[in-house]
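Understanding the architecture of this molecule
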Amino acid sequence: MQATARATEQAHPIRLYLVVWAWLFVLSACSYLIDYLHLQGGLRWSLILLFMIVKAGLIVAVFMHLAWERVALIYVILIPPAALLIFIAIMAIEADYTLATRVAQQVSGR
Amino acid sequence: MTQTAAGHGAALQGPPSDLPSTRLRRLSAEWSGDRQVFADASWRKAMMWIFLLSDTFVFGCFLIGYMTVRMSTPVPWPNPSQVFAIEIAGKPWPLLLIAIMTFVLISSSGTMAMAVASGYRRSRRTTALLMGLTALLGATFVGMQAFEWTKLIYEGVRPWANPWGAEQFGSAFFMVTGFHGTHVTIGVIALLVMVCKVWRGDFDTGRRGTFTSRPGSYENVEIMGLYWHFVDLVWVFIFALFYLW
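What counts, and where the lines are drawn
Residues numbered from 1 in each chain as written. Chains lettered and ligands numbered in written order. Predicted model: local features only at pLDDT ≥ 70, side-chain atom pairs only at ≥ 80, totals over all residues. Heavy atoms only, no water. Helix = DSSP H or I, 4+ residues; strand = E, 2+ residues; numbered from the N terminus. Buried < 20%, exposed > 50% of the residue type's maximum accessible area, 1.4 Å probe, protein only. Contact = heavy atoms within 4.5 Å. Areas by Shrake-Rupley, 256 points an atom, 1.4 Å probe, with all protein chains shown as cover. Lys, Arg positive; Asp, Glu negative; His and termini not counted. Charge placed at Lys NZ, Arg CZ, Asp CG, Glu CD. UniProt positions renumbered as here; feature names shortened; annotations may be inferred. Buried area = accessible area lost by both parts, 1.4 Å probe. Salt bridge = Lys/Arg side-chain N within 4 Å of Asp/Glu carboxyl O. Nonpolar A, V, L, I, M, F, W, Y, C, P; charged D, E, K, R; others polar. Phe/Tyr/Trp six-rings, centres within 6.5 Å; stacked < 30°, edge-to-face > 60°. Polar contact = N/O pair within 3.5 Å; in protein donor to acceptor, adjacent residues only side chain to side chain. Core = buried A, V, L, I, M, F, W, Y, C linked by side-chain atoms within 4.5 Å.

1. A few points about the overall build of chain B
When its secondary structure is counted, chain B shows nine helices and two strands. For chain B, the succession of helices and strands along the chain, N to C, is α-α-α-α-β-β-α-α-α-α-α. Overall, the C-alpha framework of chain B stretches about 60 × 45 × 30 Å when taken along its three principal axes. Classification of the 245 residues of chain B by burial places 53% in the buried group. If you take every contact in chain B between residues at least 6 apart in sequence, the share linking residues at least 24 apart comes to 73%. For chain B, the exposed surface amounts to about 11000 Å²; the carbon and sulfur share of it is 65%. Here chain B carries 19 positive and 14 negative side-chain charges, and the mean point of each set is 7 Å from the other.

What follows is the structure, given as structure tokens:
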């Protein structure tokens, strides 16, 4: 039971979770405002991505406690999804090509 | 149980001072230490993380598939802001239902995080109540999603067609949100099971589970929390990439 007492002493204050929760609310409200205010173009895309990444970071780091895990575990979790970025790039190139062939077909009418 | 609590305590405390100083040196020390690599995380927690990693790729593939069909169609994509608008007092509110769903899911993540915290403080009733609240919010989310699906299907959205533009919209929508909704539903059921266990005091008495001979501990609440936060995490990406983009 001594170990239990130690864990209790070192557990994070509830305040931390409430602060993160409040930030997630604020960031979600900001995301919604992007749409509500009809922001367009580069500003819209960059703000959407910015709020998305900050929210994801807060959830993973604090709510899922990844910030306090061992480095080995952190790297095992965070590095493999980076492969998705390469996948995204490949499929974006492929989609561009598909679009080009479809537009060409429409123009030529065949 | 004691070992778990001690492990968690050490994880919160940070590395002892005799560990290598830089991150990279710690990484190599942990992999070459001739013992469990994820020593502070129990095998249950490590396995949940590995599962979530695989689930990341599942949702990653869905979202990339959505990106591909959206980029490759010459037909204009339906404007999500108008498609998901709901009318209140004769005035259309763009994306309002989705915004409410987002807040509900984030709130459920908040209550779950606090449930995990109270679990490690050994407050049995608080933990059970907070998890029950999480399950309630999750069920509310699924309910609103069912409402949204009904509304869209009624308006004529099908996986192969819709009244507003590119046909691929329907298939991407049903696939991505359907799979996410399934995850939430499974999470709600698992939460309710866990609420029963906590309420009965299984993790205080070390009572053995139905399908396992191992006694559970309050770490199970944290592992349940990992899954639940992941569901919320996926929604963050769906909200940004599908509804706002």
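2. Concerning the UniProt feature "transmembrane region" (unreviewed entry) in chain A
The sites that UniProt annotates as "transmembrane region" (unreviewed entry) are residues 14-34, 46-66 and 72-93 of chain A. Its end C-alpha atoms 26 Å apart, residues 46-66 of chain A is made of 86% helix and 0% strand.

3. Topic: the interface of chain A and chain B
Where interface size is given, it is often the accessible area lost as the parts come together that is meant. Counting from both sides, the interface comprises 59 residues of chain A and, opposite them, 72 residues of chain B. The three residues of chain A that bury the most area against chain B are Tyr 32, Met 64 and Arg 70 of chain A, which together make up 13% of that side's buried surface. At the junction of chain A with chain B, the criterion picks out two salt bridges. The salt bridge involving Glu 30 of chain B is made with Arg 70 of chain A; its shortest N-O contact spans 3.8 Å. Looking at the side of chain A that touches chain B, its residues break down into 42 nonpolar, nine polar and eight charged.

4. Quick word on the UniProt feature "domain: Heme-copper oxidase subunit III family profile" (unreviewed entry) in chain B
According to UniProt, the feature "domain: Heme-copper oxidase subunit III family profile" (unreviewed entry) maps to residues 48-245 of chain B in the numbering used here. Note that residues 48-245 of chain B is 75% helix and 3% strand, and that its end C-alpha atoms are spaced 31 Å apart.

5. Digging into the environment of Ala 113 of chain B
Residues and elements named next belong to chain B. Within the element layout of this structure, Ala 113 appears in helix α5 (residues 96-120). On the accessibility criterion, Ala 113 (2% relative accessible area) is buried. Linking Ala 113 and Gly 170, residues 57 residues apart in sequence, is a C-alpha distance of 34 Å.

6. Concerning unusual backbone geometry
Residues and elements named next belong to chain B. A positive phi angle, close to 60°, is found at Leu 95, a residue other than glycine. Looking at the secondary structure, you find Leu 95 in the loop between β2 (91-93) and α5. A positive phi angle, near 65°, is found at Arg 122, a position not held by glycine.

7. Structural notes on the packing of aromatic side chains
All names here are of chain B. Applying the stated criterion to the full structure yields 25 aromatic pairs over all chains. Ring geometry for Tyr 66 against Trp 77: centres 5.9 Å apart, planes inclined by 65°, an arrangement best described as edge-to-face. Here Tyr 66, found in helix α3 (residues 43-72), pairs with Trp 77, found in the loop between α3 and α4 (80-83); they are eleven residues apart in sequence, far enough to count as distant. Taking relative accessible area as the criterion, Trp 77 reaches 15% and is therefore assigned buried. Pairing Trp 235 with Tyr 243 gives two aromatic rings, centres 5.6 Å apart and planes at 45°, and the pair type is tilted.

8. Overview of the side chain of Asp 232 of chain B
Inspection of the secondary structure assignment puts Asp 232 of chain B in helix α9 (residues 219-244). For the buried Asp 232 of chain B, no salt bridge exists, and the shortest N-O distance to an oppositely charged side chain is 7.3 Å, to Lys 55 of chain A. A distance of 3.0 Å separates polar atoms of two side chains, one belonging to Asp 232 of chain B and the other to Ser 109 of chain B. Apart from residues lying up to four places away in sequence, Asp 232 of chain B is in contact with Ile 59 of chain A together with Leu 105, Ile 106 and Ser 109 of chain B.

9. Re the pattern of salt bridges
Taken as a whole and judged by the stated rule, the model has seven salt bridges over all chains. For Arg 44 of chain A, the salt bridge is made with Asp 35 of chain A, and the minimal N-O distance between the two is 2.9 Å. Owing to a relative accessible area of 6%, Arg 44 of chain A belongs among the buried residues under this scheme. Residue classification places Asp 35 of chain A among the buried residues on the basis of a relative accessible area of 3%. One network of salt bridges, in which partners are shared, links Glu 69 of chain A together with Lys 45 and Glu 222 of chain B.

10. Focus on the nonpolar core
Counting 96 residues, the largest nonpolar core has Phe 63 of chain A together with Phe 84, Met 112, Met 131, Trp 235, Phe 242 and Tyr 243 of chain B as the members making the most contacts within it. Of all the secondary-structure elements, those providing two or more residues to this core are α2 (14-36), α3 (41-63) and α4 (71-78) of chain A together with α3, α5, α6 (124-154), α7 (168-200) and α9 of chain B. If we ignore the near neighbours within four places in the chain, the residues touching Trp 235 of chain B are Ile 98, Met 101, Thr 102, Leu 105, Phe 141, Gln 145, His 180 and Tyr 243 of chain B.

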